[in-house]
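# Commentary on secondary and tertiary structure
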Amino acid sequence: MKLVRGAWKLLVGIKDALVLIAMLLFFGVLFGALAARPGGSGNRAGALLLKLDGPIVEQPGTPGTLAALTSSPTTTEFRLRDLVRALDKAKGDGDVKVVVLDLDGFAGGYPAALTEVGDAIRRVRDSGKPVLSYATAYTDGAYRLAANASEVWVNPMGGSLFMGPGGSQLYYKGLIDKLGVTAHVYRVGKYKSYVEPYTRDAASPEAKEEVVKLYQVIFGQWQEAIAKARPKAKVGPFLTAPDKVIAAVQGDIAKANLDAGLVDKLGTRLDFDKRVAQIAGSDTSKAAGNFKTIGYDGYVARNPLPTGGDAVGVLTIAGDIADGKSSGGNVGGDTIAKLMLDGLAKKTLKALVVRVDSPGGSALASETMRRAIQEAKAQKLPVVVSMGSVAASGGYWVSTAGDRIFAEPTTITGSIGIFGIIPTFENTLKKIGITTDGVKTTPLSGQPDIYAGTTPEADAIFQAGIENGYREFVGRVAAARHLTPARVDEIGQGRVWDGGTARQIGLVDQFGGLDDAVAAAAKLAGLKSYHAEYLEKKPSAFAKLIAQFARDDGDDDAKSGGDAFTRIAAQHRAAFAQALGDVKRIGTGSAIQARCLECEGLGGTPPAQGDVALMNYVLARFGW
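Residues numbered from 1 in each chain as written. Predicted model: local features only at pLDDT ≥ 70, side-chain atom pairs only at ≥ 80, totals over all residues. Heavy atoms only, no water.

## A word on the overall build of the protein chain
A count of helices and strands for the protein chain gives 24 helices and 22 strands. Going through the 624 residues of the protein chain one by one, you find that 49% of them count as buried. Across the protein chain, every contact between residues at least 6 apart in sequence was considered, and the portion connecting residues at least 24 apart equals 78%. For the protein chain, the accessible surface area stands at approximately 29000 Å², while carbon and sulfur atoms represent 58% of it. (Helix = DSSP H or I, 4+ residues; strand = E, 2+ residues; numbered from the N terminus. Buried < 20%, exposed > 50% of the residue type's maximum accessible area, 1.4 Å probe, protein only. Contact = heavy atoms within 4.5 Å. Areas by Shrake-Rupley, 256 points an atom, 1.4 Å probe, with all protein chains shown as cover.)

Structure, rendered in structure tokens:
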């Protein structure tokens, strides 16, 4: 009998191995077919199609295997440095006859990222190469890019309205009180407003002061960029009296856009595609509106980063900072620390650039990453920080490891302050007749007790811990920026700064992007020839295959983003999903956090898939 069972197990093992081999062969062939599709890897002439149907981010997330193999929707994300490199290459590439911006499904990006891509588009346009842009309706972020195009098209049944930064923020104090939940808040920072939605029913005067200050600067920079890209465009009336502008054309938003010089042409997607075909060429055997296409993914792959010279390591910290490993759009402290230490272990790096694009998160994870970066200094490597779109709170904590800090005028930074929130449910339980009792041997027995509440002794200890964390934060900033702790406290307290002001007050050394930071690090190391070597986990073949499924940049049947009102509603729906996700993270994340609330309202990345799922569940429960 044992012999029969053994033979059966052997046969099952052989069968499983054959199935696995067959699956690997299938996916390998499929991946090859996808890579070889028209526009995917060929080098023929045509239009470089940038179908930006997702957000521009510093570091795209990798979809989980389960989500990839099910019908779970995934958001296409476009890496900032890849976009800029593709545009700069296209500028002098004779095979690229025209650059096409399809912004119908564009999901936004932080102001600094949009500025960098917009400037790259403008360089293509200034080189004499045509850049054509199309959307049914442009959002503020999409128009920041489109304004740099040679021809801006909009659908005659669509049209664009501009919102500017700002809007409503959810406050949960009333709901918390009704449910009987007690939110124990421990914080340092007069302007650290992240906890206010859980403790107030409206923003504090200090919080509004910070938001108004920041939004005025960011919105002013947006207007200046539009004026520079399209000097004749009359955008002012759309910002100050949009109702009058639209009423004057009897509700025809697209015509109002054309009359104001915001767009150059009104036309359907077919009209636009025919225009592109006039420049790029087309296949007469196919349906009208087709044009010769150079796929974005293939173009980026054929134009890799340079590899000559000495290596300047680039460590990217992008996303919400979380304890443990990176996952689901979060950047994990342990993951980054391992990447840093593994990179240093090879002994090939001559300098280090830390690219920070994060609104903060766990204070513990922030310190874990900062400490790992300090090992580069221990090996006598110069360390330069390059701030991306946002490097606030925990993002600034990590930045204190740098010898020099670069930022953009539109970078959002500062927010030096920390907090902690612990919810307890003693009053909630009383409402339904549940009480608690037990034996306690010390004032801290069972603390923090989510059923019976916290004790005064526990509250005092938690607050003392937060204050000590703030002193550490201030001390690290003071030492790194050669400021007194008193001065750091003055510009700290949770205050959020734009990059321009941050430079004036000493939080930033100079303006510049990632390339400038890499050049500065190479100069500090005395390198004459160098290249950027990114310290990141390389995507597996399977991950690349999933990415191919997620984005088909050769697809002519582009999904419409909807008219102006549809796009506006989608933006507010995304904000609601983000807010619900924040509530979940407060209850399940790190107890002590350094996070920036103001950073979330400036068009960064869309809500995570988990946040969207939570929103859909809540709406369904209420019958919406």
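## A word on the sheet that holds strand β4 (residues 96-102)
The pairing of strands in a sheet comes from backbone hydrogen bonds and takes either a parallel or an antiparallel form. Pairing within the open sheet is parallel, and its six strands lie in the order β8-β6-β5-β4-β1-β9. Among the strands making up the open sheet, the edge pair consists of β8 (265-266) and β9 (293-295). Sheet topology places strand β1 (residues 46-51) next to β4; six bridges connect them, and they run parallel. The residue bridging leucine 49 from the neighbouring strand is valine 100, located in β4. Along the sheet, helix α12 (residues 269-280) contacts β1, β4, β5 (131-135) and β6 (151-154); its crossing angle with β4, the most-contacted strand, is approximately 160°. (Pairing = 2+ DSSP bridges. Axes fitted to C-alpha atoms, helices over the stretch in contact; angles between N-to-C directions.)

## Points about the packing of aromatic side chains
Using the criterion set out here, one finds 12 aromatic pairs in the structure. A centroid spacing of 5.3 Å and a plane angle of 15° characterise the contact between tyrosine 194 and phenylalanine 419, whose relative ring orientation is stacked. Linking tyrosine 194 in the loop between β7 (182-188) and α7 (196-199) with phenylalanine 419 in strand β18 (residues 418-424), this pair joins segments that are 225 residues apart in sequence. We note that tyrosine 194, like phenylalanine 419, is buried. (Phe/Tyr/Trp six-rings, centres within 6.5 Å; stacked < 30°, edge-to-face > 60°.)

## What to know about the confidence of the model for the protein chain
Mean pLDDT for the protein chain: 84, with 77% of residues reaching 70 or above. Low pLDDT (under 50) marks residues 33-43, which in the prediction has 21 contacts with non-local residues, meaning those over four places away or in another chain. Low pLDDT, under 50, characterises residues 65-72; the predicted model gives this stretch four contacts beyond four residues in sequence or across chains. (pLDDT = per-residue confidence, 0-100.)

## Brief notes about helix α15 (residues 363-378)
Look at α15: 23 Å from first C-alpha to last across 16 residues, which is about the 22 Å you get at 1.5 Å a residue. Every buried residue of α15 is listed here: Ala363, Ala365, Ser366, Glu367, Met369, Arg370, Ala372, Ile373 and Ala376. By the N-cap criterion, in which a side-chain oxygen at the helix start approaches the backbone nitrogen of a residue two or three places on, α15 is capped by serine 362, the distance to leucine 364 being 3.3 Å. One or two residues past the end of α15 sits lysine 380, with phi positive at roughly 65°. (Expected span 1.5 Å × (residues − 1). Polar contact = N/O pair within 3.5 Å; in protein donor to acceptor, adjacent residues only side chain to side chain.)

## Thoughts on the side chain of histidine 531
Tracing the chain through its elements places histidine 531 in strand β21 (residues 530-534). Judged by its relative accessible area of 10%, histidine 531 falls in the buried class. Separated by 3.3 Å, the side chain of histidine 531 and the backbone oxygen of threonine 307 make a polar contact. Among residues more than four places away in sequence, those in contact with histidine 531 are Pro306, Thr307, Gly308, Gly309, Asp310, Ala311 and Val312.

## Looking at the pairing of strand β13 (residues 349-358)
For β13, a buried count of nine out of 10 residues is recorded, marking the element as mostly surrounded by other parts of the structure. As judged from the eight bridges shared by strand β10 (residues 310-318) and β13, these two strands associate in the parallel manner. Within β13, the position partnered with alanine 311 by the bridge is leucine 349. The sheet contact formed by β13 and strand β15 (residues 383-392) spans six bridges and is parallel. Bridging across to β15, valine 356 finds its partner in methionine 387.

## Some remarks on unusual backbone geometry
Each neighbour pair has its own omega, and for glutamine 447 with proline 448 the value is -5°, a cis peptide bond. Within the secondary structure, proline 448 sits in the loop between α17 (426-431) and α18 (456-481). Positive phi outside glycine occurs at serine 393, with the angle close to 55°. Looking at where serine 393 falls in the secondary structure, it is placed in the loop between β15 and α16 (394-399). Exposure remark for serine 393: the relative accessible area of 0% places this residue in the buried category.

## Here we look at a nonpolar patch on the surface
Taken together, Phe425, Ile450 and Tyr451 make up a surface patch of nonpolar side chains, about 270 Å² in accessible area. Take phenylalanine 425: its relative accessible area is 31%, and that puts it in the partly exposed class. (Patch = residues over 30% accessible without salt bridge, like charges linked within 9 Å, V, L, I, M, F, W, Y side chains within 5 Å. Salt bridge = Lys/Arg side-chain N within 4 Å of Asp/Glu carboxyl O.)

## Things to note about the pattern of salt bridges
Inspection of every chain in the model, using the stated rule, returns 23 salt bridges. The partner of aspartate 82 in a salt bridge is arginine 79, and the shortest N-O contact between them spans 3.1 Å. For the pair aspartate 82 and arginine 79, one class covers both residues: buried. Residues joined in a network through salt bridges with shared partners are Arg79, Arg81, Asp82, Arg85 and Glu536.

## Examining the side chain of serine 389
By the element assignment, serine 389 lies in strand β15. Using a relative accessible area of 4% as the deciding quantity, one classes serine 389 as buried. Ignoring any residue separated from it by four or fewer positions in sequence, one finds serine 389 in contact with Tyr110, Ala112, Ala113, Asp357, Thr410, Thr411 and Ile412.

## Quick look at the nonpolar core
In this structure, Val99, Leu103, Tyr138 and Tyr143 are the most contacted members of the largest nonpolar core, which totals 54 residues. Residues Leu344, Val385, Ile466 and Ile491 belong to the second largest nonpolar core, which totals 49 residues. (Core = buried A, V, L, I, M, F, W, Y, C linked by side-chain atoms within 4.5 Å.)

## With respect to the packing of helix α14 (residues 333-345) against α15
Axis separation between α14 and α15 bottoms out at 8 Å; the angle between their running directions is 5°. As judged from the angle between their axes, α14 and α15 are roughly parallel. Across the interface between the two elements, Gly333, Asp334, Ile336, Ala337, Met340, Leu341 and Leu344 of α14 pack against Ala365, Thr368, Met369, Ala372, Ile373, Glu375 and Ala376 of α15. Its residues assigned to classes, the contact of α14 with α15 comprises 10 nonpolar, two polar and two charged. (Parallel < 35°, antiparallel > 145°, perpendicular 65-115°, else oblique. Nonpolar A, V, L, I, M, F, W, Y, C, P; charged D, E, K, R; others polar.)

## A word on helix α21 (residues 514-524)
All of the buried residues along α21 are Leu514, Ala517, Val518, Ala520, Ala521 and Ala522. Tucked into the core, α21 has its buried residues touching β10, β13, β15, β16 (404-407) and β21. Phi turns positive, to about 75°, at glycine 526, one or two residues after α21.

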